[in-house]
Amino acid sequence: AEIEAILPGTQVIEKYSQALARAEARTKAKEAAESSLKQEKESGQAMLLQEQQGRDQIEKQHAGFAAVLVPLVLVGSAVTIFLLALANARQRSEEIGILRAIGLKSRQIIFVFLSKATMIGLAGAVFGVGLGIWLGWSLGGLSTGASEWQRLFSGGDLVLTIVAAPVLAVLLSGIASWVPALLAAKQDPAIVLQGS
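Note that the structure is a prediction, hence the values are computed from the model and not measured.

A few words now on the overall build of the protein. When helices and strands are counted, the protein shows 7 helices and 0 strands. Secondary structure elements in the protein, listed N-terminal to C-terminal, are α-α-α-α-α-α-α. Looking at the protein residue by residue over its 196 residues, the buried ones come to 15%. Within the protein, residue pairs in contact and separated by at least 24 positions form 77% of the contacts whose partners lie at least 6 positions apart. Carbon and sulfur atoms provide 65% of the accessible area of the protein, an area that totals close to 15,100 Å².

On to a nonpolar patch on the surface. Together, Phe 127, Leu 131, Trp 134, Leu 135, Trp 137 and Leu 139 make up a nonpolar patch on the protein surface, roughly 660 Å² of accessible area in all. Structurally, Leu 135 is set in helix 4 (residues 106-139).

With that settled, the discussion passes to helix 4. An ideal rise of 1.5 Å per residue puts 50 Å on 34 residues; helix 4 measures up with 48 Å between its terminal C-alpha atoms. All of the buried residues along helix 4 are Ile 109, Ile 110, Phe 113, Leu 114, Ala 117, Gly 121, Ala 125 and Val 129.

This part covers the pattern of salt bridges. On inspection of all chains with the given rule, the structure shows 2 salt bridges. Between Arg 92 and Glu 95 there is a salt bridge; the shortest N-O distance is 2.9 Å. Residue Arg 92 is classed as partly exposed on the basis of its relative accessible area, which comes to 27%.

Turning to the packing of helix 4 against helix 6 (residues 156-185), a few remarks are in order. The interhelical angle for the contact between helix 4 and helix 6, taken along N-to-C directions, is 150°, at an axis separation of 7 Å. Between helix 4 and helix 6, the crossing angle belongs to the class labelled roughly antiparallel. When the axes of helix 4 and helix 6 are compared, the crossing they make is right-handed.

Next up on the list: the nonpolar core. By size, the foremost hydrophobic cluster in this structure holds 9 residues: Ala 89, Ile 96, Ile 109, Ile 110, Phe 113, Leu 114, Ala 181, Ala 184 and Ala 185. Mapped onto this core, the elements with two or more residues apiece are helix 4 and helix 6. No other element matches the 4 residues that helix 4 contributes to this core. With residues near it in sequence (within four places) discarded, Ala 181 still touches Ile 110, Phe 113 and Leu 114.

Note that Ser 93 resides in helix 3 (residues 93-101). For Ser 93, a relative accessible area of 19% puts it in the buried group. When sequence neighbours within four positions are dropped, the list of residues in contact with Ser 93 reads Gln 187 and Val 192.

Packing of helix 3 against helix 4 brings their axes to within 10 Å, and their N-to-C directions diverge by 140°. The orientation of helix 3 relative to helix 4 falls into the category oblique. At the point where helix 3 passes helix 4, the crossing takes the right-handed sense. Contacts between helix 3 and helix 4 involve Ile 96, Leu 99 and Arg 100 from the former and Ser 106, Ile 109 and Phe 113 from the latter. Taken together, the residues of the contact of helix 3 with helix 4 break down into 4 nonpolar, 1 polar and 1 charged.

What counts and how
Residues numbered from 1 in each chain as written. Predicted model: local features only at pLDDT ≥ 70, side-chain atom pairs only at ≥ 80, totals over all residues. Heavy atoms only, no water. Helix = DSSP H or I, 4+ residues; strand = E, 2+ residues; numbered from the N terminus. Buried < 20%, exposed > 50% of the residue type's maximum accessible area, 1.4 Å probe, protein only. Contact = heavy atoms within 4.5 Å. Areas by Shrake-Rupley, 256 points an atom, 1.4 Å probe, with all protein chains shown as cover. Patch = residues over 30% accessible without salt bridge, like charges linked within 9 Å, V, L, I, M, F, W, Y side chains within 5 Å. Salt bridge = Lys/Arg side-chain N within 4 Å of Asp/Glu carboxyl O. Expected span 1.5 Å × (residues − 1). Axes fitted to C-alpha atoms, helices over the stretch in contact; angles between N-to-C directions. Parallel < 35°, antiparallel > 145°, perpendicular 65-115°, else oblique. Left-handed = near helix turned anticlockwise from the far one by under 90°. Core = buried A, V, L, I, M, F, W, Y, C linked by side-chain atoms within 4.5 Å. Nonpolar A, V, L, I, M, F, W, Y, C, P; charged D, E, K, R; others polar.

As structure tokens, this is what we get:
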């Protein structure tokens, strides 16, 4: 405007300086980068949310599976222990007859059978817990680092497992062996020894 006032009829063409053009380019690039970063953050948050929902769904499926499988395994184990204890009582009927003939009482015979079932249950629980920890360590990718072991031992789940497994095994084997032990203790020694 100043040049046109001084030189009327002159055509004035203004050219940006290179510095101004670079500054505008930087501003546009910054705006584009901020926009892209914002979109990436939103996309990342959406992906994290979707992944968390997927994990939650998998955990619900595992919990549902465990809620069905654990009682089935317990019932199957109890039936198996019952049948094995019953077979053991029948196979050892001559020994039971001899023990009853020499004066052992029914409760002593029951004690022998239940203590055997308890010892086997306790040994199985210790073996099972040890095997479970080893499999979890080897297949679960647990390293020998102190932080992972500290995290494993900090939760009450491991302690609960180590305590509950033997207690549950002893109770299960004792309950499942109770009827076979009663049947073995109630046998008449004269009939048992006469049949052998």
